[in-house]
Amino acid sequence: MQNQSNPVEVFKQVTSGYSQGQMDNFFNQVKNMGFGDDLINQLKNGVDTK
């Protein structure tokens, strides 16, 4: 964040090697931590959440 990177782009870079199963598991964990469906869908669709 300090280098003014777009957080969605950083997320895409970090998860680029994830399989579909790994991504599904990740989003299930995020949902279980209390993040809302809107935010999760924005990440899935690559929308900037700022």
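The structure this text deals with has already been given above.
About the thresholds
- Residues numbered from 1 in each chain as written.
- Predicted model: local features only at pLDDT ≥ 70, side-chain atom pairs only at ≥ 80, totals over all residues.
- Heavy atoms only, no water.
- Salt bridge = Lys/Arg side-chain N within 4 Å of Asp/Glu carboxyl O.
- Helix = DSSP H or I, 4+ residues; strand = E, 2+ residues; numbered from the N terminus.
- Buried < 20%, exposed > 50% of the residue type's maximum accessible area, 1.4 Å probe, protein only.
- Arc of directions from axis to C-beta.
- Contact = heavy atoms within 4.5 Å.
- Polar contact = N/O pair within 3.5 Å; in protein donor to acceptor, adjacent residues only side chain to side chain.

A. Structural view of the pattern of salt bridges. Overall, the coordinates contain 2 salt bridges when judged by the stated rule. Taking the shortest distance from any N to any O, the salt bridge between Glu9 and Lys12 comes out at 3.5 Å. Residue Glu9 and its partner Lys12 are both found in helix H1 (residues 7–15); the two are separated by 3 residues, about one turn of the helix. Taking the relative accessible area as the measure of exposure, Glu9 reaches 37% and is therefore partly exposed.

B. Summary view of H1. Buried within H1 we find Val8, Phe11 and Thr15. An end-on view of H1 places all buried positions within 55° of arc, on one side of the element. Facing away from the buried side of H1 by over 90 degrees, the exposed positions are Gln13 and Val14. In the core, the buried residues of H1 are packed alongside helix H2 (20–32) and helix H3 (37–45). The N-cap of H1, judged by a side-chain oxygen 2.9 Å from the amide nitrogen of Val8 a few residues on, is Asn6.

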